[in-house]
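The chain contents come next:
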Amino acid sequence: MGVPQAMDALSRRAGMLRESLQKSQTNTDSMVAILGSFDHRLSALEAAMRPTQVRTHAIRMAHENIDKSLKAAEVILGQFDLSRQAEATILRGPHEDLESYLEAVDVLRGIVRFFTTEKNFRNADGILNHVNGLLAKSISKLEEEFRQLVISYSKPIEPDRLKKLGNGHIQNPYSYSPRIVPLLHDLAQQLVQAGYQQQCFRIYRDARASSLESSLRKLGVEKLGKDDVQKMQWEALEAKIGNWIHFMRIAVKLLFAGERKICDQIFDGVNFQKNLCFAEVTVNSVATLLSFGEAVAKSKRSPEKLFVLLDMYEIMRELQSEFETIFEGKPCADMREAALSLTKRLAQTAQETFGDFEEAVEKDASKTTVLDGTVHPLTSYVINYVKFLFDYQSTLKQLFQQFETGNETDSQLAIVTMRIMQALQSNLDGKSKQYKDPALTYLFLMNNIHYMVRSVRRSEAKDILGDDWIQRHRRIVQQNANQYKRVAWAKIHQTLSVQGMNSGPSMAADASNSSGVSRATIKERFKAFNMQFEELHQKQSQWTVPDQELRESLRLAVAEVLLPAYRSFVKRFGPLVENGKNPQKYIRYTPGELERLLGEFFEGKTWAEPKR
């Protein structure tokens with residue numbers, strides 16, 4: 001194709017493009033004009049609709065406010081409805097249905113919280129005043145209900161029931177039904193929440209303290225002081241101490257333990273000083289119980305009181321851990337301290353009584369003289385005393401440990417026992433010197449020390465004092481027996497001795513006498529023997545050796561020396577008398593008759609008894 005043709009074609013295309021652009025511009029202008037017209041119309045429309053939109057928004061907001069007001073009114077009406085229901089329950093009182101009554105009180109408290117916390121509600125003063133008035137009435141009735149319930153379940157417990165329970169393993173003597181304690185707990189909670197803590201405290205304390213004190217009084221507990229105890233006869237005091245020990249066990253294990261359990265259950269989780277309340281409930285009862293123990297511990301010491309002091313010390317030690325548990329907390333500190341102080345005072349008094357007893361034994365100056373040389377009442381009293389001591393071995397060990405003497409408790413008990421025995425022996429030595437007859441002196445010592453040895457061998461004291469003590473004192477018994485034989489029988493043995501027998505003037509005239517001793521001398525010897533033996537028999541058959549084995553042993557020891565000597569004398573010199581006048585006047589006894597009469601020695605005969 002040529003250039004001109006190409007130019008023409010290009011020119012035609014450019015014209016067509018120009019025409020097309022002009023049409024597009026015209027369309028654009030037309031569109032702009034149309035859009036401008038729309039914008040004008042929309043602005044006019046918007047201006048026309050604005051009042052309608054404002055009214056519509058106001059209507060919608062009004063509807064929302066109405067909905068909110070209706071909902072609020074429903075809530076308020078609901079609270080008013082709850083108030084009317086609760087009021088009806090409150091006016092009926094708590095006695096018929098306490099659980100419902102307590103629920104109504106909770107509802108009223110909720111209503112007060114509702115109107116107090118919702119600040120948007122105006123004019124709530126009226127309902128608040130009304131509900132608070134109902135609450136005040138309800139709390140007053142709850143206080144009275146709490147009082148009535150506590151009092152009705154605070155009757156003193158009869159002694160027979162307490163004693164019966166004390167013999168068993170029942171820990172709580174109070175017969176509350178399962179629903180009462182939770183009700184009392186709820187009542188206490190309501191009263192404390194209402195600010196009635198002090199009223200609740202006083203009601204519970206007064207009722208329970210009175211009940212506890214009455215229970216103990218009915219049981220036999222009484223408040224006694226030192227002067228009261230001092231005036232009592234020993235038998236009456238001993239009986240009262242036995243009762244006191246029983247009462248302490250009942251009081252701590254049953255009454256106080258039960259009271260603590262009930263107090264803890266009723267006031268559990270309540271903002272309440274339950275330890276203080278329990279302390280005030282029990283303080284007078286504890287003081288009354290402990291006062292008797294203190295009075296006994298402070299009263300004049302005497303040996304017979306040692307064992308009851310140990311009994312009292314024993315029960316206090318037994319109850320100590322329970323006392324610490326039951327009377328826990330700072331408010332009960334004084335009572336714990338009082339119990340511990342009594343335990344220590346009893347131990348101290350018992351310890352001092354030991355010393356008193358030892359001194360009393362050594363210095364006993366009783367005028368009681370046993371005429372027959374038997375066991376002295378002091379000996380039997382002291383030995384029985386020592387035997388009783390060994391019934392209290394475990395208690396004594398605790399007592400010795402408490403004073404930290406530095407010795408083993410077993411050796412300490414042995415030391416105390418040995419000192420008492422030595423004091424007794426010293427006193428017996430003194431009493432033996434009251435006898436004018438030295439033979440009776442040795443018989444008395446033999447009897448008494450033998451009694452001591454035999455008693456020790458048959459008791460637990462044997463393990464404490466040991467075999468050495470026993471063997472040493474058996475030797476003392478034997479020494480006194482030997483001394484008795486020497487002193488009592490030496491003179492009569494001389495009458496049967498050939499020593500000192502010289503020929504008399506009539507010797508040569510007596511052809512039948514081959515012994516070289518005059519008949520007159522033999523007669524004098526037989527007369528002396530008879531007189532002395534009869535005197536010994538009359539006297540010593542009134543003496544006493546109470547132990548059968550020792551008595552037979554002593555008779556045998558005398559017979560083993562006397563009878564062979566008598567037989568020998570009679571055999572050797574008897575013919576000189578038998579050939580003369582009235583031989584029976586001189587040879588009054590055969591050896592067999594002497595042996596029979598020796599069997600009457602130490603039988604404790606009286607003067608009125610005829611001789612066999």
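Predicted, not measured: the structure shown is a model, and the values here were computed from it.

About the criteria used
Residues numbered from 1 in each chain as written. Predicted model: local features only at pLDDT ≥ 70, side-chain atom pairs only at ≥ 80, totals over all residues. Heavy atoms only, no water. Helix = DSSP H or I, 4+ residues; strand = E, 2+ residues; numbered from the N terminus. Buried < 20%, exposed > 50% of the residue type's maximum accessible area, 1.4 Å probe, protein only. Contact = heavy atoms within 4.5 Å. Areas by Shrake-Rupley, 256 points an atom, 1.4 Å probe, with all protein chains shown as cover. Patch = residues over 30% accessible without salt bridge, like charges linked within 9 Å, V, L, I, M, F, W, Y side chains within 5 Å. Salt bridge = Lys/Arg side-chain N within 4 Å of Asp/Glu carboxyl O. Lys, Arg positive; Asp, Glu negative; His and termini not counted. Charge placed at Lys NZ, Arg CZ, Asp CG, Glu CD. Core = buried A, V, L, I, M, F, W, Y, C linked by side-chain atoms within 4.5 Å. Expected span 1.5 Å × (residues − 1). Disulfide = S-S within 2.5 Å. Axes fitted to C-alpha atoms, helices over the stretch in contact; angles between N-to-C directions. Parallel < 35°, antiparallel > 145°, perpendicular 65-115°, else oblique. Left-handed = near helix turned anticlockwise from the far one by under 90°. Nonpolar A, V, L, I, M, F, W, Y, C, P; charged D, E, K, R; others polar. Polar contact = N/O pair within 3.5 Å; in protein donor to acceptor, adjacent residues only side chain to side chain. Phe/Tyr/Trp six-rings, centres within 6.5 Å; stacked < 30°, edge-to-face > 60°. Lys NZ or Arg CZ within 6 Å of the ring centre and 35° of its normal. Bend = angle between axes of the 7 residues up to and from the residue. pLDDT = per-residue confidence, 0-100.

Asks: Help me get a handle on the overall build of the protein, residues and values and all.
Replies: Across its full length, the protein holds 19 helices and zero strands. By the burial criterion, 42% of the 612 residues in the protein qualify as buried. Long-range contacts, defined as pairs at least 24 residues apart, comprise 81% of the intrachain contacts of the protein with a sequence gap of at least 6. Roughly 33800 Å² of accessible area belongs to the protein as shown, and the carbon and sulfur atoms make up 51% of that amount.

Asks: A description of the environment of Gln-479 should follow, citing residues and the corresponding values.
Replies: Considering the arrangement of structural elements, one finds Gln-479 in helix H16 (residues 461-495). For Gln-479, a relative accessible area of 49% translates into the label partly exposed. Separated by 34 residues in the primary sequence, Gln-479 and Leu-445 place their C-alpha atoms 9.8 Å from one another.

Asks: So, a positive patch on the surface: which residues are in play, and what are the values?
Replies: Together, Lys-387, Arg-457, Arg-458, Lys-462 and Arg-474 give the surface a local cluster of positive charge. Looking at the secondary structure, you find Arg-457 in helix H15 (residues 438-457).

Asks: How would you summarise a negative patch on the surface if you had to cite specific residues and measurements?
Replies: Taken together, the side chains of Asp-391, Glu-460, Asp-463, Asp-467 and Asp-468 present a region of like negative charge at the surface. Looking at Glu-460, the relative accessible area reads 41%, which means it is partly exposed.

Asks: Mind laying out the pattern of salt bridges, listing which residues take part and the relevant values?
Replies: Within this structure, the stated rule accounts for 26 salt bridges. In this structure, the salt-bridge partner of Glu-259 is Arg-208, at a minimum N-O distance of 2.8 Å. Placement of the pair is Glu-259 in helix H8 (residues 234-266) and Arg-208 in helix H6 (residues 197-219), with a sequence separation of 51 residues. Neither Glu-259 nor Arg-208 differs from the other in exposure class; each is buried.

Asks: Report on the nonpolar core, specifying residues and quantitative values.
Replies: Among the nonpolar cores identified, the biggest contains 169 residues, and Phe-146, Tyr-204, Trp-244, Tyr-484, Trp-489 and Phe-533 are the most heavily contacted of them. Filtering out sequence-adjacent residues up to four positions away, Tyr-484 remains in contact with Ala-439, Tyr-442, Leu-443, Trp-489, Gln-540, Trp-543, Leu-554, Val-558 and Phe-602.

Asks: Mind laying out H6, listing which residues take part and the relevant values?
Replies: In an α-helix there are 3.6 residues to a turn, and that puts residues three or four apart on one side. Between its first and last C-alpha atoms H6 spans 33 Å; for 23 residues at 1.5 Å apiece the expected length is 33 Å, and the two agree. Taken from the residues just after H6, Gly-220 is the one with a positive phi, measuring 120 degrees.

Asks: Explain the state of the cysteines to me, and be specific about the residues and the numbers.
Replies: By definition, a disulfide links the sulfur atoms of two cysteine residues through a covalent bond. Using the criterion set out here, one finds zero disulfides in the structure. The thiol sulfur of Cys-332 is not disulfide-bonded, and the nearest other cysteine sulfur, from Cys-263, lies at 9.2 Å.

Asks: For the packing of helix H12 (residues 377-390) against H15, give the residues involved together with the corresponding values.
Replies: Where H12 contacts H15, the two axes come as close as 10 Å, and the packing angle between them is 15 degrees. Compared by their axis directions, H12 and H15 come out roughly parallel. Crossing handedness for the pair H12 and H15: right-handed. For the pair formed by H12 and H15, the contact residues are Thr-379, Ser-380, Ile-383 and Lys-387 on the first element and Asn-448, Tyr-451, Met-452 and Ser-455 on the second. Classifying every residue of the contact of H12 with H15 by side-chain character gives three nonpolar, four polar and one charged.

Asks: Mind laying out the side chain of Thr-282, listing which residues take part and the relevant values?
Replies: Along the chain, the position of Thr-282 falls in helix H9 (residues 274-298). Here Thr-282 falls in the buried class, since its relative accessible area comes to 0%. For Thr-282, the contacting residues outside a window of four places in its chain are Leu-212, Phe-256, Glu-259, Phe-327 and Met-335.

Asks: Give me the side chain of Thr-353: which residues, what numbers.
Replies: On the secondary structure map, Thr-353 appears in helix H11 (residues 333-363). Separated by 2.6 Å, the side chain of Thr-353 and the backbone oxygen of Thr-349 make a polar contact. The residues touching Thr-353, leaving out its near neighbours within four places in the chain, are Arg-301, Ser-302, Pro-303, Leu-306, Leu-309 and Tyr-385.

Asks: Got a sec to walk through unusual backbone geometry? Specific residues and values, please.
Replies: Despite not being glycine, Phe-602 shows a phi value in the positive range, around 65 degrees. As for its position among the elements, Phe-602 is in the segment after helix H19 (591-598). The exposure class assigned to Phe-602 is buried, which follows from its relative accessible area of 2%.

Asks: Give me the lowdown on the packing of aromatic side chains, citing residues and values where you can.
Replies: Throughout the structure, instances matching the rule amount to 22 aromatic pairs. Aromatic side chains Phe-256 and Phe-327 sit 5.5 Å apart centroid to centroid with 80 degrees between the ring planes, which places their arrangement in the edge-to-face category. Pair noted here: Phe-256 is in helix H8 and Phe-327 is in the loop between helix H10 (305-326) and H11, with a separation of 71 residues, a long-range link. The buried category is assigned to Phe-256, whose relative accessible area is 1%. Classification of Phe-327 as buried rests on a relative accessible area of 0%. Put simply, the rings of Tyr-484, Trp-489, Phe-529, Phe-533, Tyr-566, Tyr-589, Phe-601 and Phe-602 touch in pairs and so form one group of aromatic residues. Lying over the aromatic face of Phe-278, Arg-260 brings its terminal NZ or CZ to 4.2 Å of the ring centre.

Asks: Any details on the environment of Asn-271? Residues and values, ideally.
Replies: Structurally, the position occupied by Asn-271 is in the loop between H8 and H9. Each C-alpha atom, one on Asn-271 and one on Gln-197, is 8.6 Å from the other, the two residues being 74 residues apart in sequence. Sequence-distant contacts of Asn-271, defined by excluding residues within four places in its chain, comprise Val-192 and Gln-197.

Asks: Got a sec to walk through the packing of H15 against H16? Specific residues and values, please.
Replies: Interhelical geometry of H15 versus H16 gives an angle of 160 degrees and a closest axis separation of 8 Å. Taken together, the axis directions place H15 and H16 in an arrangement best described as roughly antiparallel. Both H15 and H16 take part in a crossing whose hand is left-handed. A breakdown of the residues in the contact of H15 with H16 according to their chemical character gives 20 nonpolar, four polar and three charged.

Asks: Explain H10 to me, using residue names and the numbers behind them.
Replies: Here H10 contains 22 residues, and its C-alpha end-to-end distance of 30 Å stays within 8% of the 32 Å for a straight helix at 1.5 Å per residue. Taken as a whole, H10 carries its principal kink of about 45 degrees at Gln-320.

Asks: Provide a residue-level description of the confidence of the model for the protein, including the pertinent values.
Replies: Mean pLDDT over the protein works out to 84, with 82% of the residues at or above the 70 mark. Long-range and interchain partners of residues 504-512, a stretch whose pLDDT sits below 50, account for nine contacts in this model, where long-range means more than four residues apart.

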